[in-house]
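Close look at the chain arrangement
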Amino acid sequence: MTDTSVVHPDQLTVDQLQIAPSRRYREVIIRYTLVVAALVSVLVSTLIVWSLLREAWTFITGVVWADTWGQRGWFPRRGLYDIPTIVVASLIVTGIAMVVAGPLGLGAAVYLSEYANRRVRSWLKPALEILAGIPSVVLGFFALTWIAPNIVGHIGRTTFLVLGAVILLGYAAISAGLARTKIKQYREGTADPSARIGAVASIAMLVVVFVLAGAWTLNVWLEFVPNNAGSLAAAGIGVGILTIPLVASISEDAMAAVPDSLREASAGLGARKMTTASSVVLPAAISGIVAAFIVAVSRAIGETMVVFMAGGAADAARFADSPMEGGLTMTAAMASLASGTDSVVGEGLTFQSLYFVGLLLFLITLSLNIIASRFVSKVREAY
Amino acid sequence: MSMTDEAPRLIERPVAASGEATPAPGMAPLATERDVVFQSQDVSVYYGSFRAVRDVTFDVPKNEIMALIGPSGCGKSTVLRCYNRMNDLIENARVTGSITYRGTDLYDERVDPVEVRRRIGMVFQKPNPFPKSIYDNVAYGPRVAGQKKGLDDIVENSLRKAALWEEVNDRLNDSALGLSGGQQQRLCIARAIAVGPDVLLMDEPCSALDPIATARIEDLMQEIKQDYTIMIVTHNMQQAARVSDTTAFFTADVRSENDTRTGILVEVDTTQKIFSNPSDERTENYVTGRFG
Amino acid sequence: MISRLSDDRSRAAIAASIERRRGDTRGLLFKTVLQMCLLITLALLAVLLVTVALDSTDQIGTRLWDFLQGTLRSRSTDERLGLHQGMYGSLWIAIIVAVLAFPVGIGAAVYLEEYAPRNRFTSFIEVNIRNLAGVPSVVYGLVGLALLLNGQIFGLDRFTGGSSALSGGITLAILVLPIVVITSGEAFRAVPIELREGAYGVGATKWEVIRTQVLPYAAPGILTGTLLSMARAVGEAAPLILVGAISGRLGDNPGLFDIGALTDQFTALPIVITSWTVQSGRDGGFTAAAAAAIVVLLVFVLMMNSAAILLRNRFEKKRG
């Protein structure tokens, strides 16, 4: 202001349109504090990847693969790190978990979303949430002290074959249904050739899984040994119970996203509730349901304590291809390495082997989660 | 820094010696129609690359009520929100052109939008009292501005000005959410007044209210206009005709080739002229109900 | 319409179709199967709770007070067997998680929801956090091991005392951080725009709007998220095994609020449960001890979970 006398009394200056400096500085300080908080998350992921890669690399370059190649089993203290042993055990546990959690979780979700009235829902949902909140060590205890003797212990040769057949037939029926829609898509000659490749590939995958699972079931049946102590089967069922709420809640979210107008349209055409649920709602929510299964698989692979406690193997494991045997999954192998003497010690590369398995686990679960989020966003786009 | 260059622009049609003749603040206004609070020049608003409003130019006279009318989607609310920089809160919104507020460029980089909003209050379409007591709602603005003493007086004066004091003075500590819709909206006016603004922007303040509550708000606007310059966006032409001194009519310029609508200003004039003898055919069609 | 129905034949047809509908056995079967899925799930939950409760009576029913005050022992018949060290570890882990993860997590959520520009870097951080939430907990244990025990970075092991309750708490704080960010972010997104506009409209700064409007409105949602993540942290065992929680014998028996013991060797409730469960094959008495420890852990975990669920349901109802 050089000459205020000329200025109109109503006139404002830029200075009058500013707030007190103390308020302004506080804004800046808080903003940067919050930026730091947000960057911590980036730092955490960097640290995860960095620490995994660093030790895993030492393991990869240091371990003498040729010496132990072809030898099955996980005996880290003897320098035998056979990755297939723990990966196969992880697959067995995850497979059993999904056989338990898939139908139960999905069935519960369909019931809650399509049949249950408000009052029933207001009791059932919290019950499922309580199950979701039970720590995995509790399931580990339950799997070892109750599931192993009372469920797995009662499975004999014949029961196993019947169970296997029922599961395989169920799988085959669902696959046939899926394959039919895929074949229809293929026949309709979608202009997009990648859709055709996708249809062929998914059918092939269903068939391959069926053949492998069938052969494996037969093999286990032939060499069946009953077991009522800790086993991969007991651990698998425990992990399955743990993942039921996960499957249920994600599938239910997906079905809740299906607009009611679709249900009304179906009912308006005279469809029954079952028809509406199975041929309108489920197909419309299929992406979300697939996402639920993938997330559950990821969770099951990463579950540690149930297998560590109820898997029937201590700090080393022979190669197990039957769920009735004890075994170490990738996660349980890590926990047992660390717990044996209350700290990670061991000959040579034991410490580094932890990180190699950890890296493997990290990559598997990360890719599963990324695939699942793709499916989830598909549902969001659709409605 | 000198503001002398800006001064002549403020008074568009200067009366003789208006500078000396203007009465002290708070006294009855004299010849204020020539005092201008806002001058907008070629104002356009963009959302990303989409131009929502283009080339709006008009002045807002002091201590008058100006109504912004037009069909929905013509950008009148968007224009209103330029005057207290509410559009700054929308991430990709951008305002071009110039708006001066009492001689100062509102969009000068040294101007703090927080202070702008204190001086230029806003009342929103839906009554939005905070989930606090009536007292705390009114005292909110002064408190964030750092005021700690004299809040009781501010609350009482603001509620009196908003014609709400008689109805709530015995329950100032009750939740504001317990008030009726019309009372809530008057509370929001009191809340806006409490920080001592000189302009009130009202974005369809009565659209969620019943006719009786609407009438009360309209009366209130007439009572407070001696102290405040008011800009009101309204859907309701009768309301514009009833309450405003000047009216700006906006419409949407629809481009069928790329399916975009851009708001444009058609004309600004005294309310009487707009509703009786508009100079633009589009205005006439709108106010006579043939369009919109 | 009504008059047309007077036609006897169509009336009969409608009656028949209603009859058919009543006798829709496939639909009934379908519904029953779905109900069974839920019932089996709930039955498993019930069996689990009952088994644990029954198993635990040997300890809880006869020597509850001694059990809570006792320590890790190598024989289940040892009368000094008990949970004290486990409770010490879990209590301090919970405190460390609350002190570290909650402010940082809520702060990160405030930044991402309220401040961050919508650009690639922000969405990278958001995707990153969502992926972190899916990383198996045992991997976090590896990170804690590398970072806090082996001193690979900044010699942090000297600060944490290596394998200690402090290390365990920091590791679990990192583990629940993404959960806190995600749940708080959801709570912030639920704050109505009208509240923010009202506050901005009377000249509040961004932080003032957040502090006086956004945070109070989002508080129940944030509290729900923090309760859930606290329950998760208290129940986690795998990361603690990796950072070297003790399952055998621990030397001292610190007072519950003895800060000095934070950098000593430690154990926690889930570790105690694991250890006793694993030992139950060799020494059957440990089954009861493990079950009793589970009861104590479940009391805490389920209390936090149900508080979170109740809180959320109440506010969902209130706000429609």
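Residues numbered from 1 in each chain as written. Chains lettered and ligands numbered in written order. Predicted model: local features only at pLDDT ≥ 70, side-chain atom pairs only at ≥ 80, totals over all residues. Heavy atoms only, no water.

**Digging into the packing of aromatic side chains**
In plain terms, the rule: Side-chain rings of Phe, Tyr and Trp (the six-membered ring for Trp) are treated as a pair once their centres are within 6.5 Å; stacked means planes under 30 degrees apart, edge-to-face means over 60, and tilted covers the remaining angles. Numbered from the N terminus, helices here are DSSP runs of H or I no shorter than four residues, and strands are runs of E no shorter than two. Throughout this description, buried means an accessible area under 20% of the type-specific maximum (1.4 Å probe, protein chains only), exposed means over 50%, and partly exposed covers the range between.
One pass over the structure, following the stated rule, counts 17 aromatic pairs over all chains. Seen from their ring centres, B:F249 and B:Y286 are 4.9 Å apart, and the 35 degrees between their planes marks the pair as tilted. Pair noted here: B:F249 is in strand β9 (residues 246-255) and B:Y286 is in helix α12 (residues 281-287), with a separation of 37 residues, a long-range link. Judged by its relative accessible area of 0%, B:F249 falls in the buried class. With 6.2 Å between their ring centres and 25 degrees between their planes, C:W276 and C:F286 make a pair best called stacked.

**A look at the pairing of strand β3 (residues 65-69) of chain B**
For a regular strand, side-chain orientation follows a simple rule: the groups alternate between the two sheet faces. All names here are of chain B. Rules: Strands pair, by our definition, only if DSSP identifies at least two bridges between them.
Judged by how many residues are buried, β3 sits mostly within the fold: five of five residues are covered. Neither face of β3 is exposed, since I65, A67 and I69 on one face and M66 and L68 on the opposite face are all buried. Relative to strand β8 (residues 229-233), β3 is paired through four bridges, and the arrangement is parallel. Bridging from a neighbouring strand, M66 pairs with M231 of β8. Across four bridges, the pairing between β3 and β9 is parallel. Looking at the pairing, L68 lines up with A248 of β9.

**Some details on the side chain of C:S56**
Residues and elements named next belong to chain C. What counts is decided by this rule: Here a residue-residue contact requires only that any non-hydrogen atoms of the pair lie within 4.5 Å.
By secondary structure assignment, the location of S56 is in helix α2 (residues 25-69). Among the residues examined, S56 registers a relative accessible area of 4% and is labelled buried. When sequence neighbours within four positions are dropped, the list of residues in contact with S56 reads G61, A288, A291, A292 and V295.

**Details of the interface of chain A and chain C**
Going by this rule: For salt bridges, the criterion is a side-chain nitrogen of Lys or Arg within 4 Å of an Asp or Glu carboxyl oxygen. Two N or O atoms form a polar contact when they lie within 3.5 Å of each other; inside protein one atom must be a possible hydrogen donor and the other a possible acceptor, and for residues adjacent in sequence the pair counts only when both atoms belong to side chains.
In this complex, chain A contributes 78 residues to the contact, which on the side of chain C involves 82 residues. At the boundary of chain A and chain C, one finds three salt bridges. The partner of C:E208 in a salt bridge is A:R23, and the shortest N-O contact between them spans 2.8 Å. Run the count over chain A and chain C and you get twelve residue pairs in polar contact (both at pLDDT 80 or more). Take the side of chain A that touches chain C: its biggest share by element is 22 residues, from helix α1 (residues 21-62) of chain A.

**Some words on the sheet that holds strand β5 (residues 104-105) of chain B**
In sheet architecture, strand pairing relies on hydrogen bonds along the backbone and comes in two forms, parallel and antiparallel. Residue and element names in this part refer to chain B. Which entries qualify depends on this criterion: Between N-to-C directions, angles span 0 to 180 degrees; the directions come from axes that are lines fitted to C-alpha atoms, helices contributing only their stretch in contact.
Pairing is mixed across the open sheet formed by ten strands, whose spatial order is β5-β4-β1-β2-β10-β9-β3-β8-β7-β6. Across the chains shown, the open sheet's two edge strands, defined by having one partner strand only, are β5 and β6 (120-123). Taken together, the eight bridges between strand β1 (residues 36-47) and strand β2 (residues 50-61) define a ladder with antiparallel strand orientation. For V43, the partnering residue across the bridge sits in β2 and is V56. Its contacts with the sheet put helix α8 (residues 181-193) on β6 and β7 (199-203), and the angle it makes with β6 is roughly 170 degrees.

**Quick word on the confidence of the model for chain A**
The line we're drawing: Per-residue confidence from the predictor is given as pLDDT, running between 0 and 100.
Averaged over every residue, the pLDDT of chain A is 84; the share at 70 or more is 90%. Considering only residues more than four positions removed or in separate chains, one finds that residues 1-7 of chain A, a stretch of pLDDT under 50, has eight contacts.

**A short note on the pairing of strand β10 (residues 260-270) of chain B**
Two elements, β2(B) and β10(B), share two bridges in a ladder whose sense is parallel. Looking across to β10(B), one finds that B:V53 is bridged to B:G263.

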